[in-house]
Amino acid sequence: IGLAQVELLIRIDGVDPKLALDNTGTDFPSQQMAADIEIAMGKYKEAFDRMISLVRVADDETKKSARAHLLELFKLVDPADQVLIDARRALASALF
């Protein structure tokens, strides 16, 4: 978890959380940053739902990027956490 947490902190360094969360853009960078902020705030379900929603509607390239980012976010949460378990299931459903 340590390295994943450091990488998260680097990504969100200097970002205004309110602006990131208020951004309603559907592009990957906007959604990625908002999900990172949500994870940092402990809003795991919101972050996972955000990225899974993007996986469901995105083109193949964006879907691949969103999936990869979501897998990185999963590393930040206790594997036994029910929110993570549900998100893994939802991701599998969204991919297939």
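Refer to the preceding data block for the structure.
A. Local environment of the overall build of the chain. In terms of helices and strands, the chain carries six helices and zero strands. Each helix and strand of the chain, placed in order from N terminus to C terminus, yields the pattern α-α-α-α-α-α. For the chain, buried positions account for 35% of its 96 residues. Counting every atom, the chain has about 5800 Å² of accessible surface; 56% of that belongs to carbon and sulfur. Treating the 12 positive side-chain charges of the chain as one cloud and the 16 negative ones as another, the clouds have centres 5 Å apart.

B. Local environment of the nonpolar core. With 25 residues, the main nonpolar core has Ile 39, Phe 48, Met 51, Ile 52, Leu 70, Leu 73 and Phe 74 as its most contacted residues. Counting only elements with at least two residues in this core, the list comes to α1 (2-12), α3 (28-40), α4 (44-57), α5 (60-74) and α6 (82-95). No other element matches α4, which puts six residues into this core.

C. Examining the side chain of Ser 30 more closely. For Ser 30, the position within the fold is in helix α3. Look at Ser 30 and you get buried, because its relative accessible area is 13%. Sequence-distant contacts of Ser 30, that is, excluding residues within four places in its chain, are made with Asn 23 and Gly 25.

Rules used in this analysis
The residue count restarts for each chain, going from 1 along the sequence in the order it is written. Given that this is a predicted model, residues contribute local features only at a pLDDT of at least 70 and side-chain atom pairs are listed and counted only at 80 or more, while totals for whole chains, interfaces and linings are drawn from all residues. As a rule here, side-chain values cover all heavy atoms of the structure and leave hydrogens and water aside. Secondary structure elements follow DSSP: runs of H or I no shorter than four residues count as helices, runs of E no shorter than two count as strands, and numbering proceeds from the N terminus. The classification of residues rests on relative accessible area computed with a 1.4 Å probe and restricted to protein chains. Under 20% of the type maximum is buried, over 50% is exposed, and intermediate values are partly exposed. Computed with the Shrake-Rupley method and a 1.4 Å probe, the accessible areas treat only the protein chains shown as cover for residues. Note on charges: Lys and Arg go in the positive column, Asp and Glu in the negative column, and His and the chain ends are not counted at all. Each charge is placed at NZ for Lys, CZ for Arg, CG for Asp and CD for Glu. In this text, buried Ala, Val, Leu, Ile, Met, Phe, Trp, Tyr and Cys residues form a nonpolar core when linked through side-chain atoms within 4.5 Å. Here, residues are in contact when the closest pair of their heavy atoms is within 4.5 Å.

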